[in-house]
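Architecture at a glance
Single-letter residue listing:
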Amino acid sequence: MSEHLNLRGNPSDAAFLAAVRGVLGFELPLVANTTVSGGGNVAYWLGPDEWLLATKDSAASARVLLHALAGTFCAVTEVGGGNEVLVLAAATAREALAGECPLDLDERAFGPGQCAQTRLAHAAILLRPLESGDMELVVRRSFADHVRQHLSLAHPPEAR
Amino acid sequence: MSQSHRLPQGGRIDRSRTLRFTFNGRSHEGHPGDTLASALLANGVTLVARSWKYHRPRGIVAGGVEEPNAIVQLETGARTIPNARATEVELYDGLVAASVNCWPGPGLDLMAVTGLFSRIMPAGFYYKTFMWPKALWMRYEHYIRKASGLGRAPETNDPDRYEKRNAWCDVLVAGGGRAGLQAALEAGRAGRRVILADEQAELGGALLGDAHRVLDGASAAQWLQKAFAELAAMPNVQLLPRSTVFGYHDYNFLTIAQRLTDHLPLAQRAAVRERVWRVRAREVVLATGAIERPLVFADNDRPGVMLASAASRYTSRYGVRLGTRAVVFTNNNSAYRAALDLQRSGITVTVVDSRPASSAADGVKAAGIEVLFGAMVTQALGRRRVTGVRVLKDGAQRTLDCDLLALSGGWSPAVHLHAHSGGRPVFDEAKACFVPGKAAQAQRSVGACNGDFSRGEEAVQPLWLVPGPAGAKQFVDLQSDVTAADIALAAREGYRSIEHVKRYTALGFGTDQGKLGNINGMAILAKELGQSIAATGTTTFRPNYTPVTFGALAGPELGALFEPIRTTTLHGWHVAHGALFENVGQWKRPWYFPKAGEDLHAAVNRECLAARNAVAIMDASTLGKIDIQGPDAAAFLNLVYTNAWLKLGVGKCRYGLMLDENGMVMDDGVTTRLDENHFLMTTTTGGAARVMAWLERWLQTEWPHMQVYFTSVTEHFATAAVVGPKSRAVLQAVCEGVDFAQEAFPFMACKEGTVAGLPARIMRISFSGELAYEVNVRADRASAMWDALWAAGEPFGITPYGTETMHVLRAEKGFIIVGQDTDGSVTPVDLGMDWIIAKGKDFLGRRSLLRSDTRRDDRKHLVGLLAEEPATVLPEGAQVVSDARAPVPVPMLGHVTSSYFSAFLRRSIAMALVKNGRNRMGEKVELPLADGRVLRATISSPVFVDPEGARQNV
Amino acid sequence: MLIITCPWCGPRDQTEFAYGGEAHIVRPKDPDALTDAEWGDYLFMRRNPRGRHLEQWGHAFGCRRWFNVERDTVTYVIKGSYLPGESPPEIPLSPGSAPGMEISLSPGRGPGRGST
């Protein structure tokens, strides 16, 4: 499904940040609802002390991180077994989401480098606009069907 | 003759195409661009309805959504629409419509007999009559209900599809008339994101019928064309025709109903029928126009009596010749336009103006139209069609012949959306109308809806009620049949507030929400009460502005989309093996796995015996799982669970009970200590999200100093429960790296190993009382684990089981299920679980267990019930009493919470909450059922099987 | 339909949040010292004011952080949000705007704060 890790730690703790930087190769995003990527990894800001890490091998990455973070108050938890990642095509993504997602999805308001946790109908989702214009959507696996069904209902707006 | 009243030319209709439609069984013709109302008028049909209460003949009064009379039942069968307004229905080929509230038709209405009793049927008459004898009220109500109402609701499912759309914009313009289009142009030119919505198919509002208007040097038609071209070229502007802004809520949140297929013939309707837009706007521009008021005088409801602006509209926009002789009765200048329009269509016109003089008359006089000033129409003559009017001028009565009476009593700005948004309309004495008051949100009102009139509406002298002959009805609200006398009656009976008068008389209660009658009604009430209109005020306008289809409000969330249907990664296997499913929260969990020919009972009996005698397997993946880490993890568990956690050994499991602060059982589950500062908590399936939120909230808001993190891993792991005397053998066959011997792997311990090559965590815990294990692996690879367990179990006859069997097995052991045996009002003491309440530490809910009410000795206790007839399964929910023959009300002792047939014991068992139950062991009780049977049972311990706990200790 | 400003994520639609009732209700440090009536007050009694109300909201479909909001229970105007542990700020309204209706359109870049 996905090689996701949930990372918890204190962003005011320089040692914590340094340890993570050493493993990922980039800084954790500290600005709310932004992402940083590099070397095949992506870090998503989920909360003031919470990040989602998309890696190539979550078990291996978890081991390395835990080793680097030994002694720090933090948590590294594998969560990929329960997440599904969809990529919505650029041409129709924002319209498809507009049916049941209350977020302002206009390109000027929500673009690459950002992410957002929000809802699509009854499902909690995480959205990330990609450089290509496509939209990445992360959702818990048992809600994925519900999300897919809603997305497939979308129609383009009536011609003016 | 077809279209007997169509003018030879003119109108915004496409005369090159002819549409056929049926009204009350008769065929007629019209053209694209017609509404059903305009087409009926063009075919000479003026009698279209019977009024709601008195069944008086009625005709078309208005041109748009404010229409009170022309209510029709559109189409039949699944697509039927009750209470459609003929003035709103766009004509399409093959349209079928019928009048409502009359039988067999408006022409001959046998229900009109009620009209004969009209003198004893004023407002509120049903509160005063039908009161005796009291016992017959329900019978009266049955017939009153049958006689009431207008259209008929459909009886089959709506076949259409509906959508929702969220949208954000800088400016939302409600109304596409001149003022709205102007606002959209300005905002669009400034590069802002604009949405403009108008309820009609064509934008332009009143300009569409105003062929002779000149704007900025061009004709109205040219002005519109230029505006449309410019707006269409702006990518930042979205135009929504056929879209009604029907609600304006907090924080500039507005709802718009966009109609997409109602104007098409039935056979062409394949796409989404309606879309509800949910819009957040930085700023709202209200350009909703104004609605003309009728005048109130005797018999002002006759067919052929309509608003002057409607007469003008039917003439110019739809090319209809409305009659031969018209009287225009007005108190303001705007009606003079209508007089000219009517005359141009070949009708002889006389204007009756209640004011002493007006310069606007000069233009019509020059055209040869007679104007009577200082005159009032006191009564309309005729019954099925107006034939003339009585006019009072200078104290003298005269009669004028006419077959059309056009009224203009002034104009009321459409302030509904302004009121929805929190604004309070204020009465403008000079313009004799309510205008928007101070805005409560970021909005402005423009054009006629702001009282900025431009066609003579402002030169008005109020005339709220024309005195008339005694006994004749002067209608204020046409749809609800409310007369001026009704309002006077309400005032006499002591009603002072306009809100009370509205509800007592039904003023404004119809599907038109009083758009034509409310203001007149308020003014009449003000006079009755001897106070100003401003002091009387308006009733509060609330969404929806016009009726909205239920389907549109539901959107696509029906059937399978109503709620998420959640399944585990093992679902495919369950389906393939014949499982039937039950809903547990949003999840579909296997309920039982019937073999060929088995019903629920046969399957469950077999599954239970397999679990107790051999080995059985169940998918337990849906239970909540929360990863808890941090130096304060154990201390936090101590706060949320009733029992003690600090000393739980690493690799050990413990059952935990969670209470709310009121001391009531909230959730439970087994929690495992994986390491010094690392725990894995499980919750019930249905409680997973609630418990996660509970933990976070207490941490964040009450104990932020505690160092602990919670991460949900409910979906990351899948869990297989392997249960029964042979479970160890099965696990030994598939698991590597774990010693399963009793001493090495005792009850309530956790080990890590490998199953089918996957890292696995195995807990030896038991909800059945049998030797049992739960195997956890990554959910997306769980099939390999399950298949391996299944294969290893085949030699032992491994049997899949579902939630029903799980329920039976745990009930045999007296284990509770939170939410089944508890309901939020049950404490651990009630459940006999004193042993789980730790002394010497505080925890959520502890103090509440010391309240006098939670310490009462007559609280309900969890007990077992053994039915007198061993084969009889007591119904869950059955009430427990001592003696069913005791006089009513029989004291209730409690109820049955869980009840099953136990194949292991070959008899039924049940758990129940019974007052002081623990002190009543052996007592006999009775359970009276709704069907009259009385069952009998004996109170027993709730642990029916293996009370010593030996079966799991092998 | 409120727009609630999460202190972290900025203004979001009300449907992303869970309501938590009156704010600043502190769990008694010594529950045994309270009478049943006083304990009942803590459990159940709330001010329910007409007007200024300090209340808790959780960004359930977002960052899952709980925070406090000052909201007028009559007009529904929200004056501002603040974190648990902080005291309600006096947030001045910008001149000319309709009260409390500043609608920002970006999910992350608005008045929300970062992790530091």
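Here goes a summary of the coordinates provided. (Residues numbered from 1 in each chain as written. Chains lettered and ligands numbered in written order. Predicted model: local features only at pLDDT ≥ 70, side-chain atom pairs only at ≥ 80, totals over all residues. Heavy atoms only, no water.)

Turning our eyes to something else, we now look at the overall build of chain C. If you tally the helices and strands in chain C, you get one helix and six strands. Each helix and strand of chain C, ordered N terminal to C terminal, gives the series β-β-β-α-β-β-β. The burial tally for chain C puts 50% of its 116 residues in the buried class. In chain C, once contacts between residues fewer than 6 apart in sequence are set aside, the share between residues at least 24 apart is 51%. For chain C, the computed accessible surface area is about 5700 Å², with 54% contributed by carbon and sulfur atoms. (Helix = DSSP H or I, 4+ residues; strand = E, 2+ residues; numbered from the N terminus. Buried < 20%, exposed > 50% of the residue type's maximum accessible area, 1.4 Å probe, protein only. Contact = heavy atoms within 4.5 Å. Areas by Shrake-Rupley, 256 points an atom, 1.4 Å probe, with all protein chains shown as cover.)

This part covers the sheet that holds strand β22 (residues 388-393) of chain B. Residues and elements named next belong to chain B. Pairing within the open sheet is antiparallel, and its three strands lie in the order β21-β22-β23. Edge positions in the sheet fall to β21 (375-381) and β23 (396-401), since each of these pairs with one other strand and no more. Here the average twist between neighbouring strands, direction ignored, is 25°. Across six bridges, β21 lies against β22 in antiparallel orientation. Bridge pairing in β22 places Met376 opposite Leu392. (Pairing = 2+ DSSP bridges. Axes fitted to C-alpha atoms, helices over the stretch in contact; angles between N-to-C directions.)

The subject of this paragraph is the side chain of Ser408 of chain B. Residues and elements named next belong to chain B. Mapping Ser408 onto the fold places it in strand β24 (residues 404-408). Within polar-contact distance, the side chain of Ser408 engages the side chain of Asn332 at 3.0 Å. Ignoring any residue separated from it by four or fewer positions in sequence, one finds Ser408 in contact with Glu292, Arg293, Leu295, Ala308, Phe329, Thr330, Asn331, Asn332, Ser334 and Ala335. (Polar contact = N/O pair within 3.5 Å; in protein donor to acceptor, adjacent residues only side chain to side chain.)

A few words now on the packing of aromatic side chains. In this structure the tally under the stated criterion is 22 aromatic pairs over all chains. Plain terms: the ring middles of Phe17 of chain C and Phe67 of chain C are 5.9 Å apart, the flat faces sit at 80° to each other, and that makes the pair edge-to-face. Taken together, the residues Phe17 of chain C in the loop between β2 (10-13) and β3 (18-22) and Phe67 of chain C in strand β5 (residues 66-72) connect sequence positions 50 residues apart. Accessibility classification places Phe17 of chain C together with Phe67 of chain C in one group, the buried group. Judged by centre distance (4.9 Å) and plane angle (50°), the ring pair of Trp39 of chain C and Tyr42 of chain C falls under tilted. Placement of the pair is Trp39 of chain C and Tyr42 of chain C together in helix α1 (residues 36-44), with a separation of three residues, close to one helical turn. With respect to class, Trp39 of chain C is no different from Tyr42 of chain C; both count as buried. Feature note: the residues Phe636, Trp694, Trp698, Trp703 and Phe710 of chain B constitute an aromatic cluster, connected by ring pairs. Here the basic side chain of Arg165 of chain B rests over the ring of Trp277 of chain B, its NZ or CZ set 5.3 Å away from the ring centre. The ring of Phe904 of chain B has Arg612 of chain B sitting right over it, with the charged end atom 5.6 Å from the ring centre. (Phe/Tyr/Trp six-rings, centres within 6.5 Å; stacked < 30°, edge-to-face > 60°. Lys NZ or Arg CZ within 6 Å of the ring centre and 35° of its normal.)

Another aspect to go through is the side chain of Thr683 of chain B. Residues and elements named next belong to chain B. Turning to its location among the elements, Thr683 is positioned in strand β37 (residues 678-683). With a relative accessible area of 2%, Thr683 lands in the buried category. Beyond its immediate chain neighbours, meaning those up to four positions away, Thr683 contacts Leu623, Gly624, Ile626, Asp667, Asp668, Ala688 and Val691.

Moving on, we get to the packing of helix α6 (residues 308-316) of chain B against helix α7 (residues 335-344) of chain B. Residues and elements named next belong to chain B. For the pair α6 and α7, interaxial distance at closest approach is 8 Å and the crossing angle is 35°. Helix-helix and strand crossings are classified by hand; for α6 and α7 the assignment is left-handed. Along the contact surface, α6 presents Ala308, Ala311, Ser312, Thr315 and Ser316, while α7 presents Ala335, Ala338, Asp341 and Leu342. For the contact of α6 with α7, the class distribution of residues is five nonpolar, three polar and one charged. (Left-handed = near helix turned anticlockwise from the far one by under 90°. Nonpolar A, V, L, I, M, F, W, Y, C, P; charged D, E, K, R; others polar.)

This part takes up the interface of chain C and chain A. Bring the parts together and some accessible area is lost; that lost area is often taken as the interface size. With 20 residues of chain C at the interface, the matching set in chain A holds 27 residues. Counting each side, the surface lost to burial between chain C and chain A is near 1800 Å², with a carbon and sulfur contribution of 53%. With a closest N to O distance of 3.0 Å, Glu50 of chain A and Arg64 of chain C form a salt bridge. The interface formed by chain C and chain A includes six residue pairs in polar contact (both at pLDDT 80 or more). (Buried area = accessible area lost by both parts, 1.4 Å probe. Salt bridge = Lys/Arg side-chain N within 4 Å of Asp/Glu carboxyl O.)

Our next topic: the environment of Val391 of chain B. Residues and elements named next belong to chain B. On the secondary structure map, Val391 appears in strand β22. Along the sequence, Val391 and Glu199 sit 192 residues apart, while their C-alpha atoms lie 38 Å from each other. Those residues in contact with Val391 that lie beyond four places of it in its chain are Val352, Ala375, Met376, Val377, Thr378, Ala396, Gln397, Arg398 and Leu400.

Residue and element names in this part refer to chain B. With antiparallel pairing, the six strands of this open sheet are ordered in space as β46-β47-β48-β45-β50-β49. Both outer strands of the open sheet, β46 (879-880) and β49 (924-928), are each paired with one neighbouring strand and no more. Pairing geometry for β46 and strand β47 (residues 894-902), over two bridges, is antiparallel. Bridge pairing in β47 places Gln879 opposite His895. Running at roughly 110° to β47, helix α21 (residues 803-812) makes contact with β47 and β48 (907-915) of the sheet.

Take the environment of Thr569 of chain B next. The topology assignment puts Thr569 of chain B in the loop between α14 (550-554) and α15 (571-576). Sequence separation between Thr569 of chain B and Pro704 of chain B is 135 residues, and the spatial gap between their C-alpha atoms is 36 Å. Those residues in contact with Thr569 of chain B that lie beyond four places of it in its chain are Arg141 of chain A together with Ala718, Ala779, Asp780, Ala782 and Ser783 of chain B. One polar contact links the side chain of Thr569 of chain B to the main-chain carbonyl oxygen of Ala779 of chain B, over a distance of 2.8 Å.

Looking now at the nonpolar core. Residues and elements named next belong to chain B. Formed by 61 residues in total, the largest nonpolar core has its most connected members in Leu36, Leu95, Tyr314, Leu322, Leu342 and Val349. Ranked by the residues each element gives to this core, the list is headed by helix α1 (residues 36-42), at six residues. Contact partners of Leu95, with chain neighbours within four places excluded, come to Arg20, Phe21, Thr22, Leu36, Leu74, Glu75, Val89 and Glu90. Judged by nonpolar contacts, the second largest core, of 36 residues, contains Ala721, Ile816, Ile909 and Met911. (Core = buried A, V, L, I, M, F, W, Y, C linked by side-chain atoms within 4.5 Å.)

Residues and elements named next belong to chain B. The full count for this structure, using the stated rule, is 71 salt bridges over all chains. When the shortest N-O distance is used, the salt bridge between Glu283 and Arg444 registers 3.1 Å. On the criterion of sequence distance, the pair formed by Glu283 in strand β15 (residues 274-286) and Arg444 in strand β28 (residues 443-445) is long-range, its members being 161 residues apart. Put simply, Arg885 and Glu926 hold a salt bridge, and the shortest N to O gap is 3.5 Å. A residue pair is termed long-range when its members are at least 10 positions apart, and Arg885 in the loop between β46 and β47 and Glu926 in strand β49 qualify at 41 residues. In this structure Arg885 comes out as exposed when scored by relative accessible area, which is 59%.

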